[in-house]
2 protein chains.
Amino acid sequence: MRERVHATYWMETGDDPARTAEVIAGEQSSGTFVALATETPELKQRSGAFVERLEVLETVSGPSLPGARPSDRYTRAILELSWPVENFGPSLPNLWTTIAGNLFELGQVSGLRLTGLSLPPSFTAPFTGPAFGVEGTRALSGVAQGPLIGTIIKPSIGLSAEETAQQVRELVAGDIDFIKDDELQADGARCPFEERVRAVMRVVNEAADRRGRKAMVAFNLTGDLDQMRRRHDLVLREGGTCVMLCLNAIGLVGVQEFRRHSQLPIHAHRAGWGALTRCPALGYDYAPWQQLWRLAGADHLHVNGLRNKFAEADESVIAAARAVLAPIGPDARMGAMPVFSSGQTGLQAAETYAALGCTDLIHTAGGGIFGHPGGVAAGVEAFRAAWTAAAQGVPLREAASGSGALRDALEFWR
Amino acid sequence: MRERVHATYWMETGDDPARTAEVIAGEQSSGTFVALATETPELKQRSGAFVERLEVLETVSGPSLPGARPSDRYTRAILELSWPVENFGPSLPNLWTTIAGNLFELGQVSGLRLTGLSLPPSFTAPFTGPAFGVEGTRALSGVAQGPLIGTIIKPSIGLSAEETAQQVRELVAGDIDFIKDDELQADGARCPFEERVRAVMRVVNEAADRRGRKAMVAFNLTGDLDQMRRRHDLVLREGGTCVMLCLNAIGLVGVQEFRRHSQLPIHAHRAGWGALTRCPALGYDYAPWQQLWRLAGADHLHVNGLRNKFAEADESVIAAARAVLAPIGPDARMGAMPVFSSGQTGLQAAETYAALGCTDLIHTAGGGIFGHPGGVAAGVEAFRAAWTAAAQGVPLREAASGSGALRDALEFWR
């Protein structure tokens, strides 16, 4: 327990950066706004957060965020703090409060963003992390190599269970690897969870008997804890191989608790993530954030996609995917699978592969599959062919000469 | 289930505001980036989100947030959307994903902030809300009128259980109503939860025997679910009357699940809130956000304080406190108690009272109590006297003529 947790921040302050760094370290450990006789040097040395690094980047004339103490210039810096593990112990929620609690609203800063997190073995040791990860997901889906080619049921919400099953029928007939519920589709009155699982799994199981390989369907079982456990048991009983959780809506403790019960891969959706990350001067980078959810048990983590329809830049998408694939610590691999989505087609395969150097991922497309003039099967075939070409370093146009489906796809992918 | 949930947003868009409103409504219900044959007019009418109101505010030349589609002007507007309850049912996490999920990162907006939430009876009916609220808290603490005068154990972290108990001894001797752990103090190796509870409750129970009134101590039991339940049981067994949860670190499902088990008031800490709210163009106002936690069971909710040491403006603090005191719906009062803290003294009593029109709150001070030259008892007495004066409309200087403790306090409160 003598090891330390390190967290890195981007910060902006109108005050002296070194003083601000000490205020943040104090606020998140033994200090407070006023000097206390009981905060002895020994206590501070033992329980205080240390400023490990402070690297000034630049100064600007105005503050990024409102509410900061007025100043005529604001300094931006990289700040690294560390805490003794014994302050919070190996507890995810208490770690969160320490590294990402009451610090964003400090008047001393006009911007603060958590950019990195390094956890020592004494913190990570008690966690089992993802139960399935890459290997388990490949085993259950029967996809030994290449990415899992996937899609999302659309419309997101409004279909009945039978209409959903009908869409799944078309998809599995088209040899898809992975299908997920939309994050909005959980257990609405129009498409109750139980009915949907039974209807969909009937289709998936029948197709698996024919194909010898079962499409993985991530059923969104987000709900309260009892509901999630019951829904998990139903999915398992019906032969399902994956469940989906909306992380931000459930929270760390709910996900951890569900993980203790779960016997299926956890497909982790990050809905709500935009509110945590889109202001560059506030909130979180994905790299530290996703570590907490992998420790809690997430097997698949959404990372958006290259040239996506959202506001996220490609560099951010790739950094997120690399973070998901990287070990959490020297003794804690806990690898999860990044999930690429949003405006994706086979056109992003080569770039995605080049950036990651592996195919341990799930790549989902909607229009990129359904829009194929040859139908869903041709759409899936073309997407897969694009990935085979990417992994072999063959240009798409060239690969298209050997695949009619890919050739046709290149006409409408854009 | 034919009722609708309404949510209000502040938005900024470089596109036509009406078109952007439809994109957001579509993305959060049945629509997607491409038109789908299966999204029939009937389905859209039944399951789609409706744009209920769009009020253009102003236009600006640049975007508030990065990543938005380029434009030469950006329009700001108030947007109100509604959804049929049947889309998600009475489920907090699924409501959250619907009103605050994948919308903040839409490329169509250069700013989006959830500002209001209105929940119909068919949504709120299954929830019991705070088990104690104002009345239960007053009954347990023996404070029939006026605010609960409180404080926070400091240093936040680093004291042993015995040192904590020693501080509590001084506070209860000074007739304090309420004491809380810091949000960083949960179950660290230096001050294990069990040891702390036993040591503190020994002191509190002894004092209660003498005083005939028990100080309420909010023990921070944040941890995984089993830990929280075990810790709750210990607090209850030792005669404790309150527990504290860090909402953002635990999450909605964990808090809901804990509430089902709990027999004590839930003191809800909002550590991490700054990351969700400080960028004016992104995230959440407190009013809609706190509703979810009251439905989950929070009895006390932190609202910062007037002229606080953080970046929050006074109007925001008061709006937050009023929201906590307001009923959630016509059939769902679910009142909770706002908790004022951060740089507070009796000097803020009159203004706080004037803004709220009641004393159903917890007011905590650190230096404002400990700094009193007459000691803790005089500090508590002065703070309470300031509130009595506020409630009676007596100016502080005048009230000080009848209270030596208040007179002395006015020398150092500033």
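Residues numbered from 1 in each chain as written. Chains lettered and ligands numbered in written order. Predicted model: local features only at pLDDT ≥ 70, side-chain atom pairs only at ≥ 80, totals over all residues. Heavy atoms only, no water.

**Some words on the overall build of chain A**
Each helix and strand counted, chain A has 18 helices and 13 strands in total. Over its C-alpha atoms chain A spans a radius of gyration of 24 Å, differing by no more than 12% from the 22 Å that the globule rule assigns to 414 residues. In terms of overall dimensions, chain A has a C-alpha envelope of 75 × 45 × 40 Å along the principal axes. Residues classed as buried in chain A amount to 65% of the 414 residues present. Residue pairs in contact within chain A that sit at least 24 positions apart in sequence constitute 74% of those at least 6 positions apart. Carbon together with sulfur atoms contributes 50% to the accessible area of chain A, which is approximately 14,000 Å² in total. (Helix = DSSP H or I, 4+ residues; strand = E, 2+ residues; numbered from the N terminus. Rg over C-alpha atoms; globule rule 2.2 N^0.38 Å. Buried < 20%, exposed > 50% of the residue type's maximum accessible area, 1.4 Å probe, protein only. Contact = heavy atoms within 4.5 Å. Areas by Shrake-Rupley, 256 points an atom, 1.4 Å probe, with all protein chains shown as cover.)

**Brief notes about the confidence of the model for chain A**
Confidence along chain A averages 96 in pLDDT terms, with 99% of residues attaining 70 or more. Of the two predicted TM-score estimates for the complex, the pTM is 0.97 and the ipTM is 0.97. (pLDDT = per-residue confidence, 0-100.)

**Regarding the pattern of salt bridges**
Residue and element names in this part refer to chain A. Under the criterion given, the structure shown has 44 salt bridges over all chains. Among the salt bridges present, the one from arginine 384 reaches aspartate 175, with a minimum N-O distance of 3.2 Å. With arginine 384 in helix H16 (residues 376-392) and aspartate 175 in the loop between helix H6 (161-173) and strand E6 (178-180), the pair connects residues that are 209 residues apart, well separated along the chain. Judged by its relative accessible area of 26%, arginine 384 falls in the partly exposed class. Relative accessible area serves as the criterion here: at 28%, aspartate 175 is assigned to the partly exposed category. Here the salt bridges do not stand alone but share partners, grouping Asp175, Asp177, Arg211, Arg213 and Arg384 into one network. (Salt bridge = Lys/Arg side-chain N within 4 Å of Asp/Glu carboxyl O.)

**With respect to the UniProt feature "domain: Ribulose bisphosphate carboxylase large subunit C-terminal" (unreviewed entry) in chain A**
Here the UniProt-annotated "domain: Ribulose bisphosphate carboxylase large subunit C-terminal" (unreviewed entry) positions come out as residues 140-413 of chain A. Between the C-alpha atoms that bound residues 140-413 of chain A the distance is 30 Å, and the span itself is 48% helix and 13% strand. (UniProt positions renumbered as here; feature names shortened; annotations may be inferred.)

**Here's the deal with the packing of aromatic side chains**
Residues and elements named next belong to chain B. Going through the model one piece at a time under the given rule, you end up with 26 aromatic pairs over all chains. Both rings, one in phenylalanine 88 and one in phenylalanine 123, keep their centres 6.2 Å apart while their planes meet at 65°; by these two values the pair is edge-to-face. Residue phenylalanine 88 is found in the loop between strand E3 (74-84) and helix H3 (92-100), and its partner phenylalanine 123 is found in helix H4 (residues 121-124); the two are separated by 35 residues along the sequence. A relative accessible area of 2% means that phenylalanine 88 is categorised as buried. Measuring from centroid to centroid gives 6.0 Å for tryptophan 96 and tyrosine 284, while their planes differ by 50°, and the two rings are tilted. You can see tryptophan 96 sitting in helix H3 and its partner tyrosine 284 sitting in strand E10 (residues 282-284), a full 188 residues away along the chain. Tyrosine 284 sits in the buried class, given a relative accessible area of 4%. (Phe/Tyr/Trp six-rings, centres within 6.5 Å; stacked < 30°, edge-to-face > 60°.)

**Quick notes on the relation of the copies chain B and chain A**
Relative to chain A, chain B is turned by 180° and slid 0.0 Å along the rotation axis, the superposed coordinates differing by an RMSD of 0.0 Å. Taken together, these values place the two copies in the relation of a two-fold axis. For chain B, the smallest separation between a C-alpha atom and the rotation axis is recorded for glycine 251 of chain B, amounting to 1.8 Å. (Least-squares fit on C-alpha atoms with pLDDT ≥ 70 in both.)

**A closer look at the domain arrangement of chain A**
All names here are of chain A. Domain assignment breaks chain A into domain 1 (4-124) and domain 2 (133-409). Counting residues at the interface gives 20 residues for domain 1, matched by 22 residues for domain 2. Counting each side, the surface lost to burial between domain 1 and domain 2 is near 1,900 Å², with a carbon and sulfur contribution of 67%. Among the residues of domain 1 in contact with domain 2, Leu92, Trp96 and Arg113 are the three that bury the most area, contributing 38% of the side total. (Domains from an automatic or database assignment. Buried area = accessible area lost by both parts, 1.4 Å probe.)

**Quick look at the sheet that holds strand E2 (residues 50-60) of chain B**
Residue and element names in this part refer to chain B. Within the open sheet, the five strands sit side by side as E2-E3-E1-E4-E10. Their pairing is mixed. Each end of this open sheet is capped by a strand with a single partner; those strands are E2 and E10. In this sheet, adjacent strand axes meet at a mean angle of 15° when their direction is disregarded. Strands strand E1 (4-13), E2, E3 and strand E4 (109-118) of the sheet are contacted by helix H1 (residues 17-27), whose axis makes an angle of about 135° with E2. Along the sheet, helix H12 (residues 286-296) makes contact with E4 and E10, crossing E4 at roughly 50°. (Pairing = 2+ DSSP bridges. Axes fitted to C-alpha atoms, helices over the stretch in contact; angles between N-to-C directions.)

**Observations regarding the sheet that holds strand E4 (residues 109-118) of chain A**
All names here are of chain A. Ordered in space as E2-E3-E1-E4-E10, the five strands form an open sheet in which the pairing is mixed. The sheet terminates laterally at strand E2 (50-60) and strand E10 (282-284), the two strands that pair on one side only. Put simply, the sheet's adjacent strands are angled 15° from each other on average, direction ignored. Direction of pairing for strand E1 (residues 4-13) relative to E4: antiparallel, over a ladder of eight bridges. If you follow threonine 13 over to E4, its bridge partner there is valine 109. Sitting on the sheet, helix H3 (residues 92-100) is in contact with E1, strand E3 (74-84), E4 and E10, with an inclination near 35° to E1. Along the sheet, helix H12 (residues 286-296) makes contact with E4 and E10, crossing E4 at roughly 50°.

**What to know about the interface of chain B and chain A**
On the side of chain A, 84 residues touch chain B, which itself brings 84 residues to the contact. Of the roughly 6,800 Å² buried at the junction of chain B and chain A (both faces included), carbon and sulfur atoms supply 59%. For the interface between chain B and chain A, the tally reads two salt bridges. With a closest N to O distance of 2.6 Å, arginine 260 of chain A and aspartate 226 of chain B form a salt bridge. The tally of links from chain B across to chain A stands at 30 residue pairs in polar contact (both at pLDDT 80 or more). (Polar contact = N/O pair within 3.5 Å; in protein donor to acceptor, adjacent residues only side chain to side chain.)

**A word on the side chain of serine 91 of chain A**
By secondary structure assignment, the location of serine 91 of chain A is in the loop between E3 and H3. Of the residues examined, serine 91 of chain A reaches a relative accessible area of 10% and is grouped as buried. Those residues within four positions of serine 91 of chain A in sequence are excluded, and the remaining contacts are Phe123 and Phe127 of chain A together with Gly223 of chain B.

**Overview of H3 of chain B**
Of all the nine residues making up H3 of chain B, nine are buried; the element is thus mostly covered by neighbouring parts of the structure. Of all the residues in H3 of chain B, the buried ones are Leu92, Pro93, Asn94, Leu95, Trp96, Thr97, Thr98, Ile99 and Ala100 of chain B.

**Focus: the side chain of glutamate 39 of chain B**
Tracing the sequence through the fold places glutamate 39 of chain B in the loop between H1 and helix H2 (41-47). For the buried glutamate 39 of chain B, which has no salt bridge, the nearest side chain bearing the opposite charge is lysine 44 of chain B, at an N-O separation of 4.5 Å. There is a polar contact of 2.9 Å between the side chain of glutamate 39 of chain B and the side chain of serine 30 of chain B. With near-sequence residues (within four places) excluded, glutamate 39 of chain B lies in contact with Pro155 of chain A together with Ser30, Gly31 and Lys44 of chain B. (Lys, Arg positive; Asp, Glu negative; His and termini not counted.)

**Regarding the environment of alanine 377 of chain A**
With respect to the helices and strands, alanine 377 of chain A occurs in helix H16. Once the C-alpha coordinates of alanine 377 of chain A and isoleucine 176 of chain A are considered, the two residues, 201 residues apart in sequence, prove to be 7.8 Å apart.

**What about the pairing of strand E5 (residues 148-152) of chain B?**
Residue and element names in this part refer to chain B. Of all five residues in E5, five are buried, a share of seventy percent or more. With three bridges connecting them, E5 and strand E13 (residues 362-364) associate as parallel partners. For leucine 148, the partnering residue across the bridge sits in E13 and is isoleucine 362. In this structure, E5 lies alongside strand E6 (residues 178-180), joined through three bridges in parallel fashion. Its bridge partner being in E6, glycine 150 is matched across the sheet by phenylalanine 178. Of the crossover connections in this fold, the one passing from E5 over helix H6 (residues 161-173) to the parallel E6 is right-handed. (Right-handed = clockwise from strand over helix to strand, strands pointing away.)

**Comments concerning the pairing of strand E7 (residues 216-220) of chain B**
All names here are of chain B. Most of E7 is tucked away: five of the five residues are buried. Here E7 shows a buried face lined by Met216, Ala218 and Asn220 and a second buried face lined by Val217 and Phe219. Sheet topology note: the E6/E7 ladder contains three bridges and is parallel. Looking across to E7, one finds that lysine 180 is bridged to alanine 218.

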